[in-house]
Amino acid sequence: MPTIDEQIAETEDLLKRTKRNKATEHYIGTMLARLSKLRALKEHKSSGRKSGPGYSVKKRGDATVVLIGFPSVGKSTLLNALTSAKSKVAPYDFTTIKAIPGMMNYNGASIQLIDAPGIIREAALGKGRGREVISVVRNADLILIMLDDKVKRLPVIKKELYNANIRLDEAPPRITIKKDVKGGLIIDSLVKQDLSVDSIKSVFREFSYVNAKVLLKEKFTLERLVDALSRNRKYVKVLLLINKIDLMSKSLLHRIKKQFPNAVFISAEKELGLDELRDGIWVVLGFMRIYMKKSGAEPDYEEPLILRGKVTVREVVKGIRKSHGNLINAQVWGKSAKFPGQKVGLKHKLMDEDVVTLYFK
Ligand SMILES: Nc1nc2c(ncn2[C@@H]2O[C@H](COP(=O)(O)OP(=O)(O)OP(=O)(O)O)[C@@H](O)[C@H]2O)c(=O)[nH]1
Ligand SMILES: [Mg+2]
């Protein structure tokens, strides 16, 4: 019986050698599904053995952000600049050997920032301190990938995270699956699929689905279908950071900016660009400040309600946590209001820095 590692290597090899076309799609789907199952098995087997102190950090605050990057790019320097933590900084690689948390307060939100050990090639296999890195990333709401002038290393980091089943800036697949006791596999789709029904079914079969009603709500690739059927995928937002801009010539900086227009450019040591970074983190995490205003009074700008994600009047009612009876309606001032003081219901979507008055029965 070949070992799991051998089976993984063999399946990867088969995938590499098989050209992708309509005729092989079905086979490739089966192989991708098999590979995913083998990797999950390996992860499961080694996680029991290898856990220990320093491997994961307890989540605290309103959101968790993890710093990822090759050794010596300046992750610890940045943690120290943004929080009151003191992570060791040194000009040699692998200074940081375990994940170190700090708290960053911004606009009234407390954001946990975690400095991870340097990620390197094959981190997903536990090389370097890879396993710790992956375990903290899995708990993150956002990861900051930090690079210095060696920007060519970005694909290496992305590949490691991908192999560790972390999906960057992807929404979870849109699909519903209802298991059944008979009837076989019934595949319906809201959009036209490029994959054949046969290929789709082969992936489901590899995941041991025999009878199920499936509704696909987006256009799937084989990889994304395998992701949808694997339980260990983690979908995380990412912000790219380019550090040590103080060491770059104008022309180099210009070139890198052109290559990565969405990156945030900083110098952790000289504290350049840190306001843009704090703001970027706030925006990407979808944080909002909602100022409450009692009827006839001034808004409370001192202590806003801090909310994240989909924020409607309903979340505000939940957020104030006091029982006031039933909401009759609400009034809104600010970016989400059609006009100042618009009357709205529970479903009204709010925006950062809106002012809200709630009327209860
Ligand atoms: N010039 C310059 N040097 C920096 C900057 N940020 C960090 N450094 C230096 O780069 C070296 C490595 O910084 P660290 O913060 O220890 O790097 P790290 O990414 O935490 O490294 P590991 O813990 O080994 O993964 C130190 O000598 C820092 O002083 C920067 O913005 N500009
Ligand atoms: Mg460090």
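Provided above is the structure to which this section pertains.
Residues numbered from 1 in each chain as written. Chains lettered and ligands numbered in written order. Predicted model: local features only at pLDDT ≥ 70, side-chain atom pairs only at ≥ 80, totals over all residues. Heavy atoms only, no water.

**Things to note about the sheet that holds strand β14 (residues 342-344)**
Moving on, step 1. Here 5 strands make up an open sheet; going across it, the order is β12-β11-β15-β13-β14 and the pairing mixed. Sheet topology places β12 (305-308) and β14 at the edges, where each strand pairs with a single neighbour. Averaged over all neighbouring strand pairs, the angle between strand axes comes to 35°, with direction disregarded.
Moving on, step 2. Bridge count between strand β13 (residues 327-333) and β14: 3 bridges; the pairing is antiparallel. Along β14, the bridge assignment pairs Q331 with K343.
Moving on, step 3. The strands touched by helix α10 (residues 313-320) within the sheet are β11 (287-292), β12, β13, β14 and β15 (355-360), with β15 carrying the most contacts at an inclination of about 75°. (Pairing = 2+ DSSP bridges. Helix = DSSP H or I, 4+ residues; strand = E, 2+ residues; numbered from the N terminus. Axes fitted to C-alpha atoms, helices over the stretch in contact; angles between N-to-C directions. Contact = heavy atoms within 4.5 Å.)

**Thoughts on the nonpolar core**
Moving on, step 1. Counting 62 residues, the largest nonpolar core has L78, I143, L161, I242, L277 and I281 as its most contacted members.
Moving on, step 2. Apart from residues no more than four positions distant in its own chain, L78 is found in contact with L67, M146, L241, I266, A268, L274 and L277.
Moving on, step 3. Counting residues in hydrophobic clusters, the runner-up holds 26 residues, among them L32, L35, I175 and A212. (Core = buried A, V, L, I, M, F, W, Y, C linked by side-chain atoms within 4.5 Å. Buried < 20%, exposed > 50% of the residue type's maximum accessible area, 1.4 Å probe, protein only.)

**Remarks on the site of ligand 1**
Moving on, step 1. Contacts to ligand 1 come from 23 residues, most closely from K75, T77, F94, T96 and E269.
Moving on, step 2. Burial of ligand 1 by the protein amounts to 91% of the accessible area it has alone, namely 650 Å².
Moving on, step 3. Taken together, the residues of the shell around ligand 1 sort by class into 9 nonpolar, 9 polar and 5 charged. (Near = heavy atom within 4 Å. Areas by Shrake-Rupley, 256 points an atom, 1.4 Å probe, with all protein chains shown as cover. Nonpolar A, V, L, I, M, F, W, Y, C, P; charged D, E, K, R; others polar.)

**Details of helix α9 (residues 274-284)**
A turn of α-helix holds 3.6 residues, and therefore any two residues three or four places apart point the same way.
Moving on, step 1. Every buried residue belonging to α9 is among L274, L277, R278, G280, I281 and W282, and all of these are buried.
Moving on, step 2. Just past α9, the residue G286 takes up positive phi, approximately 70°.

**So, the sheet that holds strand β7 (residues 185-189)**
For sheets, the rule is that strands pair by backbone hydrogen bonds, running either parallel or antiparallel.
Moving on, step 1. The sheet built from 3 strands is open, its strands ordered β6-β8-β7 with mixed pairing. Edge strands, defined here as strands with exactly one partner in the open sheet, are β6 (175-179) and β7. Averaged over all adjacent pairs, the angle separating strand axes in this sheet is 10°, with direction ignored.
Moving on, step 2. Strand direction decides the pairing type here: β7 and strand β8 (residues 212-216), joined by 5 bridges, are parallel. By the bridge assignment for β8, L185 is matched with A212.
Moving on, step 3. Across the sheet, helix α6 (residues 197-206) lies against β6, β7 and β8, angled at about 125° from β7, the strand it touches most.

**Description of the pattern of salt bridges**
Moving on, step 1. This model, assessed by the stated rule, comprises 22 salt bridges.
Moving on, step 2. Here D13 makes a salt bridge to R17, at a shortest N to O gap of 3.2 Å. In this pair, D13 and R17 both sit in helix α1 (residues 4-17), 4 residues apart, roughly one turn of the helix.
Moving on, step 3. For R17, a relative accessible area of 61% corresponds to the exposed category.
Moving on, step 4. In this structure, D148 and R153 form a salt bridge, with 3.8 Å as the shortest nitrogen-oxygen distance.
Moving on, step 5. Residue D148 is classed as buried on the basis of its relative accessible area of 5%.
Moving on, step 6. Because the salt bridges share partners, they merge into one network encompassing R34, K37 and E206. (Salt bridge = Lys/Arg side-chain N within 4 Å of Asp/Glu carboxyl O.)

**Remarks on helix α5 (residues 154-163)**
Moving on, step 1. Listed in full, the buried residues belonging to α5 are L154, V156, I157, E160 and L161. Burial along α5 is one-sided: seen end-on, the buried residues are contained in an arc of 165°. When the buried face of α5 is taken as reference, the exposed residues oriented beyond 90 degrees from it are P155 and K159.
Moving on, step 2. At the exit of α5 stands N165, carrying a positive phi of roughly 70°. (Arc of directions from axis to C-beta.)

**What about a positive patch on the surface?**
Moving on, step 1. Residues K310, R314, K318, K347 and K349 make up a contiguous surface patch of positive charge.
Moving on, step 2. Within the secondary structure, K310 sits in the loop between β12 and α10.
Moving on, step 3. According to the relative accessible area criterion, K310 is exposed, its value standing at 59%. (Patch = residues over 30% accessible without salt bridge, like charges linked within 9 Å, V, L, I, M, F, W, Y side chains within 5 Å. Lys, Arg positive; Asp, Glu negative; His and termini not counted. Charge placed at Lys NZ, Arg CZ, Asp CG, Glu CD.)

**Details of the packing of helix α3 (residues 75-82) against α9**
Moving on, step 1. Packing of α3 against α9 brings their axes to within 12 Å, and their N-to-C directions diverge by 85°. One element, α3, and the other, α9, form an angle in the roughly perpendicular class. Here α3 contributes L78, A81 and L82 to the contact with α9, which in turn contributes L274, L277 and R278.
Moving on, step 2. Residue classes in the contact of α3 with α9 are distributed as 5 nonpolar, no polar and 1 charged. (Parallel < 35°, antiparallel > 145°, perpendicular 65-115°, else oblique.)

**Remarks on unusual backbone geometry**
Moving on, step 1. Of note in this structure, S208 is not a glycine but carries a positive phi near 65°.
Moving on, step 2. The residue S208 is located in the loop between α6 and β8 in this model.
Moving on, step 3. The exposure class assigned to S208 is exposed, which follows from its relative accessible area of 58%.
Moving on, step 4. One non-glycine residue, K244, lies in positive phi territory at about 65°.
Moving on, step 5. Turning to its location among the elements, K244 is positioned in the loop between β9 (234-242) and α8 (250-259).

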